[in-house]
Amino acid sequence: MKKKIPQHVAIIMDGNGRWARQRGLPRTSGHKKGAEVVEQILEDADDIGIRYLTVYAFSTENWLRPVMEVSALMNLLRLYMKSAKSKCMKNNVRVRVIGDRTKLDADLVSSIEQLEKDTASNTGMHFQIAINYGGRDELIRAFRKLMPAVRDGSINEENIDEAVICSALDTAGLPDPDLMIRTCGEQRTSNFLMWQSAYTELYFTDIAWPDFNKEELLKAVEAYGSRERRYGGLTEENGEASE
Ligand code: FPP
């Protein structure tokens with residue numbers, strides 16, 4: 001039987017700090033190693049046949065971390081935006097950033113915009129990086145985006161449906177994640193793709209993000225393949241056609 005591959009995988013990359021502490025290193029070394037792993041996993045995901053990969057790089061809550069750590073994370077993201085172009089062009093990867101950019105430094109925003117523009121016509125892997133992202137914040141921003149159209153009558157209140165809300169989210173045009181992976185033991189989704197993950201299969205592993213690799217990704221894909229997705233409906237085994 002053909003292996004079932006998730007089209008869209010979302011990853012909560014947890015455990016960089018713990019990984020570093022266990023090695024007597026500063027937390028920022030964990031993030032640095034974590035950033036290298038992201039780049040490798042992007043290639044591995046492509047090899048496996050995953051079409052969309054979305055990673056949680058910085059949440060709306062991560063501003064509460066020590067200033068040094070926030071700035072180390074921002075610098076890693078800066079470095080990525082500035083240096084990723086040639087690899088993305090070679091591998092046909094399209095990069096998009098989701099999250100609220102208004103609180104990011106202007107130079108980071110312009111390098112994000114540049115990388116998005118440079119890779120916009122790539123037709124291979126779709127790579128989304130969530131920066132200053134929170135699912136609740138995304139919904140608030142979506143409602144604010146829609147309000148003027150409701151007020152001026154171009155959208156009728158009764159016409160607000162899932163499609164309208166999806167169109168106002170940062171992920172407009174992207175399919176919902178099929179599989180969400182969280183590393184390093186915690187079993188929660190922490191405000192990541194809250195609306196989009198309504199029917200997403202969840203996979204938790206004890207492996208810390210800096211130790212995550214293709215083998216671990218394949219295990220998650222394997223687990224996904226053995227799940228039965230019903231979207232609230234019934235399956236043939238239950239005597240009804242499934243959705
Ligand atoms: C969670 O580990 C990880 C983060 C908050 C940051 C994740 C960011 C990266 C891996 C860099 C992303 C880079 C690119 C290029 C997309 P934690 O610090 O909460 O770990 P802990 O729970 O063990 O303390």
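Read on for a plain summary of the structure. Note that the structure is predicted; figures quoted are calculated from it, not measured.

Re the site of the ligand
Taken together, 17 residues lie near the ligand, and M13, G17, R18, R27 and R65 sit nearest. Measuring from an oxygen atom of the ligand, one finds a side-chain N or O atom of D14 at 3.1 Å. Residue R27 places a side-chain N or O atom 2.9 Å away from an oxygen atom belonging to the ligand. If the ligand stood free it would expose 630 Å²; the protein chains cover 92% of that surface. Of the residues forming the shell around the ligand, the biggest block, four residues, is contributed by helix α2 (residues 27–48).

Examining the pairing of strand β4 (residues 126–133)
The buried fraction of β4 amounts to eight of the eight residues, a majority that puts the element mostly inside the structure. As paired elements, strand β2 (residues 52–59) and β4 share seven bridges and run parallel to each other. Bridged to T54 within β4 is Q128. Relative to β4, strand β3 (residues 94–98) runs parallel, the two being bridged by five bridges. Bridging from a neighbouring strand, R96 pairs with Q128 of β4.

Reading the values: rules and limits
- Residues numbered from 1 in each chain as written.
- Predicted model: local features only at pLDDT ≥ 70, side-chain atom pairs only at ≥ 80, totals over all residues.
- Heavy atoms only, no water.
- Near = heavy atom within 4 Å.
- Polar contact = N/O pair within 3.5 Å; in protein donor to acceptor, adjacent residues only side chain to side chain.
- Areas by Shrake-Rupley, 256 points an atom, 1.4 Å probe, with all protein chains shown as cover.
- Helix = DSSP H or I, 4+ residues; strand = E, 2+ residues; numbered from the N terminus.
- Buried < 20%, exposed > 50% of the residue type's maximum accessible area, 1.4 Å probe, protein only.
- Pairing = 2+ DSSP bridges.

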